[in-house]
Amino acid sequence: LEGIPGTVGGGVRMNAGAWGSQLGDFVAEVSVLDASGTTVTRRTGEPGGPEFDYRSSFNIDGIITEVILRTDRRAGRAEISGRRTEISAAREWMKGKRCAGSVFKNPAGDAAGRLIESAGLKGWRIGGAVVSERHANVIIAGDGALASDVLALIEIVRSRVRAATGIYMELEVVVLE
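Residues numbered from 1 in each chain as written. Predicted model: local features only at pLDDT ≥ 70, side-chain atom pairs only at ≥ 80, totals over all residues. Heavy atoms only, no water.

## Thoughts on the overall build of the protein chain
Move 1: The number of helices and strands found in the protein chain is four helices and ten strands.
Move 2: For the protein chain, the succession of helices and strands along the chain, N to C, is α-β-β-β-β-β-β-β-α-α-β-β-β-α.
Move 3: Overall, the C-alpha framework of the protein chain stretches about 45 × 45 × 35 Å when taken along its three principal axes.
Move 4: Across the 177 residues in the protein chain, those meeting the buried criterion constitute 31%. (Helix = DSSP H or I, 4+ residues; strand = E, 2+ residues; numbered from the N terminus. Buried < 20%, exposed > 50% of the residue type's maximum accessible area, 1.4 Å probe, protein only.)

Quick look at the structure:
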């Protein structure tokens, strides 16, 4: 989770991840407030329990109120600290920038950032929103950026990548309308 923006509940809902792992790998139990106002707790691996796939979760219907995570006891404190330091250093360029992290899911066998870059879209801008020069799968909301700028840029990226490769770029971020 080092450097991943958002909340634990949102991270579980989206099965947030980076650097070869994802949050769902560590979820033991999820409690949700369902539509009737009842808190329901489900354990991973049990019938009807939470299930996870790439940037998605299933059987989590309601507002996540509590999550119990398992830890990986194979790694020692020094190893974990070193890994966190590596990840933090790799993400240093994002500090202070307004962005939601990766915008698109990686298509099977490829990387969204590579596809966006190969379509020549690094640095493309609409209003205050710009495709990052550092990592093409990140849209930076610069000064004066509007949500409409970001959404328009997402659609341009989708359209250009599809025209160049035939691949439809599926969103990793969730847009609430």
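## Examining the sheet that holds strand β9 (residues 129-131)
Move 1: Across the sheet, which stays open at both edges, the three strands sit in the order β8-β9-β10 with antiparallel pairing between neighbours. At either margin of the open sheet sits one strand with a lone partner, and together these are β8 (125-126) and β10 (139-141).
Move 2: Pairing of β9 with β10 involves three bridges; the strand directions are antiparallel. By the bridge assignment, V130 is partnered in β10 with I140.
Move 3: The strands touched by helix α4 (residues 147-165) are β8, β9 and β10; relative to β9, the strand with the most contacts, the crossing angle is about 30°. (Pairing = 2+ DSSP bridges. Contact = heavy atoms within 4.5 Å. Axes fitted to C-alpha atoms, helices over the stretch in contact; angles between N-to-C directions.)

## With respect to the side chain of D149
Move 1: Structurally, the position occupied by D149 is in helix α4.
Move 2: For the buried D149, no salt bridge exists, and the shortest N-O distance to an oppositely charged side chain is 8.3 Å, to R125.
Move 3: Excluding anything up to four places from it in sequence, D149 contacts I126, G127, G128, A129 and G144. (Lys, Arg positive; Asp, Glu negative; His and termini not counted. Salt bridge = Lys/Arg side-chain N within 4 Å of Asp/Glu carboxyl O.)

## Some points on the sheet that holds strand β4 (residues 39-43)
Move 1: Read from one edge to the other, the open sheet built from three strands follows the order β4-β3-β7, with strand pairing classed as antiparallel. The open sheet terminates on both sides in strands that have one partner only, identified here as β4 and β7 (63-69). In this sheet, adjacent strand axes meet at a mean angle of 20° when their direction is disregarded.
Move 2: By the bridge criterion, six bridges tie strand β3 (residues 27-33) to β7 in an arrangement that is antiparallel.

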